[in-house]
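# Remarks on the overall topology
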Amino acid sequence: MLDRLLGWREKPGLSRTGLFRIESQAELEGKSMLVEYDDLDGFGLAELVKAGGVSALELVETAIARIETRNPALNAVVLTLLEQARSAASTVDVSAPFAGVPFLMKDLLSAVEGVPTSHGNRHWAKLAAGGDSEIVKRWKKAGLIILGKTNTPEFGLTPYTESETFGPARNPWDLERTPGGSSGGSGAAVAARIVPLASGGDGGGSIRIPASACGVFGMKPSRGRTPSGPYIGEPWAGFAVEHVLTRSVRDSAALLDYVQGPDVGAPHYLPPYSGSFLDAVKEPARKLRIAVSSAPMLGKKVEPEVLAAFADATKLLSDLGHEIVEAAPQVDAEAFSLSFLTVLAAELRADMEDAATAAGVPIRVNDFDASTIGMGLLGQAFSASDLAKALRYLKLAARGVSSFFETHDALMTPVLSRLPPPIGALQPSTQEKTIIRAIGRAKAGWLLRKLGIAERLAADTFAFMPWTPVFNVTGQPAMSVPLFWTDGGLPIGTHFVGRFGDEATLFQLAGQLERARPWSDRKPPLCR
């Protein structure tokens, strides 16, 4: 994405965090903090600010204390903007819907002026943005105060968050497990009550996957609902869209009300919703015709705990009076997976080239994670006609999937096929990393194709996430709702998909589910 290079410059000296201190306990002592912070969502915190019960600065100091005490175990926050946040708190507009609410941004896609957007990459981590992305301007106008950036895999590639640049983010429900990806840092930060909401981008499930793994709410809006410019033309061929991960449904709805709408030059125009998504959350849910299916669309196996969560959610929907139909749209799993992988590989190769160009260096295998190198090699090995055919197939498949929703209001599936795996379990082995780097040095991407690596990689990639990417291709809204916890205390999200442009029906359903099966009191061990 060469347009992303415009306006970027070197900006050393910002505070990159990780498993080390931000402020000492002595520095934090004496600063006024809100005791109820962990129990309130963003809307609730903003209401306190509006009523004069607490100041925006008190909220910021409380969030900073949470970063100090909770982030060392999680590695969710990888860059802090503490003085900027304190300054913003002193000038907050109390009439804004999220006045004074602390907020974290995923360190991918969106830009903040003067601050690097690392994309999980060591080159971009040294380059600061020349301006704010449009969605960042809208987040700020909504009253959100940006405290920093959250951990993400390199270029958002993987459904786990374990970049070599920043190290793994960890799941607050079990520190040995992944919080998912690619918005894993945001999911972990929200679940751990560091902030009530944080941004995410979803190009294959990257809002919904960490929402499921971390027990929070995650809505992927329809393609074109939120702005992506001006530094990115169309992320991931239009598959990716940005929004937030939240603890409450109403926070997600209220913020989407505020930030929705195209920006100048947007490649997709989705007229703003004429009603209010927040009102939809509050409304009594109408009876819906909901198709349900636990059969993987792109994978083969679903673990028993996930099937138990799916059965529980099906019963809940039935008890709430919805019409349940066992059905699902059909796709050719092998063709879809390989086509999606082809597009992704092309995007990743372009990302690598953009990063190297911005840094003024050639592409060097040691400058990128092994997974990125492997995908980039495939991107180089695929031809232009391979990419064109992949896009043609996916767009045609999307038409078939979308037609299913002419007779169904929504589709329910699991989000993931298994519980969040241990840190490192989904990574290439040490031997595989060595082989990938050797092939990279030899510039022999063709060898990966000849050995059938692309087909195997596609199958392995989608085995963990066999539903979510389909709806990035169709552009439909989809959400993960935290309805189930295992006996071992791990959350499992339930996946709902709506008609294109119809987030309102999903928000209405999510509001009903939240009232019927509230989750706000569930806190990970880190917060107890």
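Residues numbered from 1 in each chain as written. Predicted model: local features only at pLDDT ≥ 70, side-chain atom pairs only at ≥ 80, totals over all residues. Heavy atoms only, no water.

### Some thoughts on unusual backbone geometry
For the bond running from Gly181 to Ser182, omega is 5°, close enough to zero to count as cis. Its place among the elements puts Ser182 in the loop between strand E8 (167–168) and helix H6 (184–191). The omega torsion of the bond from Gly229 to Pro230 falls at 0°, within 30 degrees of zero and hence cis. Of note, Pro230 is situated in the loop between strand E10 (217–220) and strand E11 (241–246). With phi around 70°, Leu109 is a residue other than glycine that occupies positive phi space. Tracing the chain through its elements places Leu109 in the loop between strand E4 (102–106) and strand E5 (127–128). At Trp236, a residue that is not glycine, the phi angle is positive and equals roughly 50°. Summarising the element assignment, Trp236 is placed in the loop between E10 and E11. On the basis of relative accessibility, which here comes to 12%, the residue Trp236 falls in the buried class. (Helix = DSSP H or I, 4+ residues; strand = E, 2+ residues; numbered from the N terminus. Buried < 20%, exposed > 50% of the residue type's maximum accessible area, 1.4 Å probe, protein only.)

### A few points about the confidence of the model for the chain
Model confidence for the chain is summarised by a mean pLDDT of 93, while 94% of its residues fall at 70 or above. The least confident element of the chain is strand E1 (residues 9–10), whose mean pLDDT is 36; the most confident is E10, at 99. A low-confidence stretch, residues 1–13 (pLDDT under 50), is modelled with 44 contacts involving residues beyond four sequence positions or located in other chains. Low pLDDT (under 50) marks residues 18–30, which in the prediction has 25 contacts with non-local residues, meaning those over four places away or in another chain. (pLDDT = per-residue confidence, 0-100. Contact = heavy atoms within 4.5 Å.)

### A word on the packing of aromatic side chains
Under the criterion given, the structure shown has twelve aromatic pairs. With centroids separated by 4.7 Å and ring planes inclined at 10°, the aromatic side chains of Tyr273 and Phe277 adopt a geometry described as stacked. Each member of the aromatic cluster is reached from another via a ring pair, and the members are Phe217, Tyr273, Phe277 and Phe507. (Phe/Tyr/Trp six-rings, centres within 6.5 Å; stacked < 30°, edge-to-face > 60°.)

### Remarks on the packing of helix H12 (residues 370–381) against helix H14 (residues 430–441)
Contact geometry for H12 and H14: axes closest at 9 Å, N-to-C directions at 45°. What the angle tells us is that H12 and H14 run oblique. In the packing of H12 onto H14, the handedness of the crossing is left-handed. Seen from H12, the contacting residues are Ala370, Ile373, Gly374 and Leu377; seen from H14, they are Lys433, Ile436, Arg437, Ile439 and Gly440. Residues belonging to the contact of H12 with H14 are distributed by class as follows: five nonpolar, two polar and two charged. (Axes fitted to C-alpha atoms, helices over the stretch in contact; angles between N-to-C directions. Parallel < 35°, antiparallel > 145°, perpendicular 65-115°, else oblique. Left-handed = near helix turned anticlockwise from the far one by under 90°. Nonpolar A, V, L, I, M, F, W, Y, C, P; charged D, E, K, R; others polar.)

### Details of the layout of surface pockets
What the largest pocket holds in volume is close to 860 Å³. In this structure, the largest pocket is lined by 31 residues; those nearest its centre are Leu426, Pro428, Leu457, Asp460 and Thr461. Of all the elements in the fold, those that place two or more residues in the lining of the largest pocket are H12, H14 and helix H16 (453–464). It is H16 that provides the largest number of residues to the lining of the largest pocket, a total of eight residues. The class makeup of the residues in the lining of the largest pocket is 19 nonpolar, six polar and six charged. (1 Å grid on protein atoms, 1.4 Å probe; cavity = no way out; pocket = protein on both sides within 12 Å on 5 of 7 lines; lining within 4 Å. Points joined across faces, edges and corners; volume = space filled by probe spheres on them.)

### What to know about the side chain of Gln512
Looking at the element boundaries, Gln512 is found in helix H18 (residues 503–516). According to the relative accessible area criterion, Gln512 is buried, its value standing at 12%. Separated by 2.7 Å, the side chains of Gln512 and His322 make a polar contact. Gln512 has contacts with Ala285, Leu320 and His322, leaving out every residue within four places of it along the chain. (Polar contact = N/O pair within 3.5 Å; in protein donor to acceptor, adjacent residues only side chain to side chain.)

### What about the state of the cysteines?
Within the structure shown, the criterion is met by zero disulfides. Cys527 provides the cysteine sulfur closest to Cys214, a residue in no disulfide bond, and the two sulfurs are 11 Å apart. (Disulfide = S-S within 2.5 Å.)

### Focus: helix H2 (residues 42–51)
Within H2 the residues assigned to the buried category are Gly42, Phe43, Gly44, Leu45, Ala46 and Val49. Looking at the buried side of H2, the elements it contacts are helix H3 (56–74), strand E9 (197–202), helix H8 (249–259) and helix H9 (277–282). Gly52 sits one or two residues past H2 and shows a positive phi near 80°.

### Details of the environment of Asp351
For Asp351, the location among the structural elements is in helix H11 (residues 333–359). Linking Asp351 and Ala295, residues 56 residues apart in sequence, is a C-alpha distance of 34 Å.

### Let's talk about empty space enclosed by the protein
This model, assessed by the stated rule, comprises seven cavities of 30 Å³ or more. The volume enclosed by the largest cavity comes to roughly 210 Å³. Lining of the largest cavity is provided by 19 residues; of these, Gly224, Thr226, Ser228, Pro235 and Ala240 occupy positions nearest its centre.

### Comments concerning the nonpolar core
Of all hydrophobic cores here, the largest spans 92 residues; its most connected members are Trp139, Phe217, Leu255, Met479, Phe496 and Phe507. For this core, the element with the highest residue contribution is H3, accounting for seven residues. In contact with Phe496, other than residues within four places in its own chain, are Leu317, Leu411, Met412, Pro477, Ala478, Met479, Val481, Leu483, Leu506, Leu509 and Leu513. Counting residues in hydrophobic clusters, the runner-up holds 56 residues, among them Val331, Leu344, Ala397 and Ile436. (Core = buried A, V, L, I, M, F, W, Y, C linked by side-chain atoms within 4.5 Å.)

### With respect to the packing of H3 against helix H4 (residues 82–89)
With their axes 8 Å apart at the nearest point, H3 and H4 run at an angle of 160° to one another. Here H3 lies roughly antiparallel to H4, going by the angle between them. Handedness of the crossing formed by H3 with H4: right-handed. Contacts between H3 and H4 involve Ala56, Leu57, Val60, Glu61 and Ile64 on the former and, on the latter, Leu82, Ala85, Arg86 and Ala89. Tallied by class, the residues present in the contact of H3 with H4 amount to seven nonpolar, no polar and two charged.

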